[in-house]
Amino acid sequence: MGSSQERAIKNYRSRLSERGLARFEVLGLAADRNLIRSLARRLAEGGPEASQLRVAVSRTIAGEPPKKGGILATLRRSPLVGADLDLGRPREKGRLIDI
């Protein structure tokens with residue numbers, strides 16, 4: 001490999017490390033290539049979706065049972081909490097029909 005190519009690779013990898021990314025090699029089935037690449041891309045994007053994905057994959061690999069109360073915690077984070085919505089419905093007897 002020529003010195004210009006080595007320098008280009010070194011610069012590229014230093015730019016990756018500045019962004020907090022690292023290049024690594026993984027062995028797997030050829031059929032899983034797109035799955036692994038899309039998973040790595042999502043995790044590298046960061047944000048709340050990446051955090052949730054990271055937790056889900058970690059739990060799956062560790063074999064931990066899911067925590068109880070997940071639905072309740074999600075409902076408590078809802079933007080409608082404290083909105084004082086009136087969810088009552090009027091009760092009607094219905095209509096009479098001849099059979």
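Residues numbered from 1 in each chain as written. Predicted model: local features only at pLDDT ≥ 70, side-chain atom pairs only at ≥ 80, totals over all residues. Heavy atoms only, no water.

**Q** Whenever I open this one, the layout of surface pockets confuses me. Can you help?
**A** Space left empty within the atom packing is revealed by a probe, the size of a water molecule, rolled over the atoms. Considering only enclosed or pocket space, the largest pocket measures out at about 870 Å³ in volume. No other element matches the seven residues that helix H2 (residues 33-45) contributes to the lining of the largest pocket. Split into classes, the residues belonging to the lining of the largest pocket amount to 13 nonpolar, one polar and seven charged. Estimated volume of the second largest pocket: approximately 210 Å³. Looking at the second largest pocket, the residues that line it are Gln52, Arg59, Pro66, Lys67, Gly70, Ala73, Thr74 and Arg77. Of all the secondary-structure elements, those providing two or more residues to the lining of the second largest pocket are helix H3 (47-62) and helix H4 (70-76). Taken together, the residues of the lining of the second largest pocket sort by class into two nonpolar, three polar and three charged. (1 Å grid on protein atoms, 1.4 Å probe; cavity = no way out; pocket = protein on both sides within 12 Å on 5 of 7 lines; lining within 4 Å. Points joined across faces, edges and corners; volume = space filled by probe spheres on them. Helix = DSSP H or I, 4+ residues; strand = E, 2+ residues; numbered from the N terminus. Nonpolar A, V, L, I, M, F, W, Y, C, P; charged D, E, K, R; others polar.)

**Q** Teacher, can you tell me more about the confidence of the model for the protein chain here?
**A** Any segment with low pLDDT has predicted coordinates that should not be analysed in fine detail. Residues with a pLDDT of 70 or more make up 99% of the protein chain, whose mean pLDDT is 87. H4 is the least confidently modelled element of the protein chain, averaging 83 in pLDDT, while helix H1 (residues 3-18) averages 92, the highest of any element. (pLDDT = per-residue confidence, 0-100.)

**Q** Sorry, what's going on with the environment of Leu39 here?
**A** On the secondary structure map, Leu39 appears in helix H2. Residue Leu39 is classed as partly exposed on the basis of its relative accessible area, which comes to 28%. Linking Leu39 and Val57, residues 18 residues apart in sequence, is a C-alpha distance of 9.9 Å. Excluding residues within four positions of it along the chain, Leu39 makes contact with Leu53 and Val57. (Buried < 20%, exposed > 50% of the residue type's maximum accessible area, 1.4 Å probe, protein only. Contact = heavy atoms within 4.5 Å.)

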